[in-house]
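Listed below are the residues making up each chain.
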Amino acid sequence: MSESPPEFPATRCADCGLLYGHEAYICRECGSETFERAPLDGSGTVYARTTIRVPGSDHQGEEPFEVAIVDVGGEETVRVTVRIEENPELGPDDPVEFVDRRDGVFYFRAA
Ligand SMILES: [Zn+2]
């Protein structure tokens, strides 16, 4: 057994309970501006993955790098766009785990 990954810092709308994997300022469901921390289990599965070879201006010089859409959480999940560290061969349904967040980017790796 490996150690559990760090908790994933999701947030939840305090009024309707909708879960967000990124900072939200106005709830798309109910319009509330009140959010609370809702940490999730940091394990997840890959939904889709791609290799970025022509990045936007914020990430020039880092290419190529791996970006994936990951469903993270346990009983409740959120779908987030993340960077994949180390293993470029991950595909749909492969297990991943949260590593950390740096410069606003979520990093995951193969679990
Ligand atoms: Zn809401």
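Residues numbered from 1 in each chain as written. Predicted model: local features only at pLDDT ≥ 70, side-chain atom pairs only at ≥ 80, totals over all residues. Heavy atoms only, no water.

Colleague: In this structure, what is going on with the coordination of the zinc ion? I would like to understand it.
Modeller: As a benchmark, a tetrahedral metal site with four donors has ideal angles of 109.5 degrees, while an octahedral site with six donors has ideal angles of 90 or 180 degrees. Taken together, Cys 13 (SG), Cys 16 (SG), Cys 27 (SG) and Cys 30 (SG) make up the full set of protein donors to the zinc ion, lying 2.3 Å away. Here the zinc ion is ringed by four donor atoms whose angles at the metal span 102 to 115°, and the overall shape comes out tetrahedral. Every donor residue of the zinc ion comes from the same chain, spaced as C-x2-C-x10-C-x2-C. Residue Cys 13 is located in strand S1 (residues 11–13), and its partner Cys 27 is located in the loop between strand S2 (19–20) and strand S3 (35–37); the two are separated by 14 residues in the primary sequence. Its relative accessible area of 1% is what places Cys 13 among the buried residues. (Donors = N, O, S within 2.8 Å, 3.2 Å for Na, K, Ca; no water. Tetrahedral: all angles 85-135°; square planar, octahedral: opposite > 155°, others 65-115°. Helix = DSSP H or I, 4+ residues; strand = E, 2+ residues; numbered from the N terminus. Buried < 20%, exposed > 50% of the residue type's maximum accessible area, 1.4 Å probe, protein only.)

Colleague: Just checking my understanding: could you explain the sheet that holds S2 for this structure?
Modeller: The strands making up a sheet associate through backbone hydrogen bonding, with each pair oriented either parallel or antiparallel. The strand order across the open sheet formed by three strands is S2-S1-S3, and the pairing between neighbours is antiparallel. The sheet is open, and its two edges are formed by S2 and S3, each paired on a single side. Pairing of S1 with S3 involves three bridges; the strand directions are antiparallel. Across the sheet, residue Cys 13 finds its bridge partner in S3, namely Phe 35. (Pairing = 2+ DSSP bridges.)

Colleague: What is the right way to read the pattern of salt bridges from this model?
Modeller: Working definition: two side chains of opposite charge can pair if their charged atoms are close together. With the rule as written, the count across this model stands at eight salt bridges. The salt bridge partner of Arg 79 is Asp 71, with a shortest N-O separation of 2.7 Å. Look at Asp 71 and you get buried, because its relative accessible area is 18%. Taken together, the salt bridges that share partners define one network made up of Glu 85, Asp 100 and Arg 102. (Salt bridge = Lys/Arg side-chain N within 4 Å of Asp/Glu carboxyl O.)

Colleague: Before we go on, may I ask you to explain the sheet that holds strand S5 (residues 65–73) in this structure?
Modeller: Judged by pairing direction, the barrel is mixed, and its five strands sit side by side in the order S4-S5-S6-S8-S7 before closing back on the first. Across this sheet, the average inter-strand angle for adjacent strands is 45°, counted without regard to direction. (Axes fitted to C-alpha atoms, helices over the stretch in contact; angles between N-to-C directions.)

Colleague: Before we go on, may I ask you to explain the packing of aromatic side chains in this structure?
Modeller: The geometry of two aromatic rings is summed up by the distance between their centres and the angle between their planes. In the structure shown here, the tally under the stated rule is six aromatic pairs. Taken together, a centroid distance of 5.5 Å and an interplanar angle of 85° make the contact between Tyr 20 and Phe 35 edge-to-face. Here Phe 35 lies in strand S3 and Tyr 20 lies in strand S2, a separation of 15 residues in the sequence. Each ring, one from Phe 98 and one from Phe 106, has its centre 6.1 Å from the other, and the planes form 70°; the classification is edge-to-face. Classification of Phe 106 as buried rests on a relative accessible area of 6%. One aromatic cluster in this structure is built from Phe 8, Phe 98, Phe 106 and Phe 108. A cation over a ring is seen here: Arg 83 above Phe 65, with NZ or CZ 3.6 Å from the ring centre. Here the guanidinium or amino end of Arg 102 rests over the ring plane of Tyr 107, the centre of that ring lying 3.9 Å away. (Phe/Tyr/Trp six-rings, centres within 6.5 Å; stacked < 30°, edge-to-face > 60°. Lys NZ or Arg CZ within 6 Å of the ring centre and 35° of its normal.)

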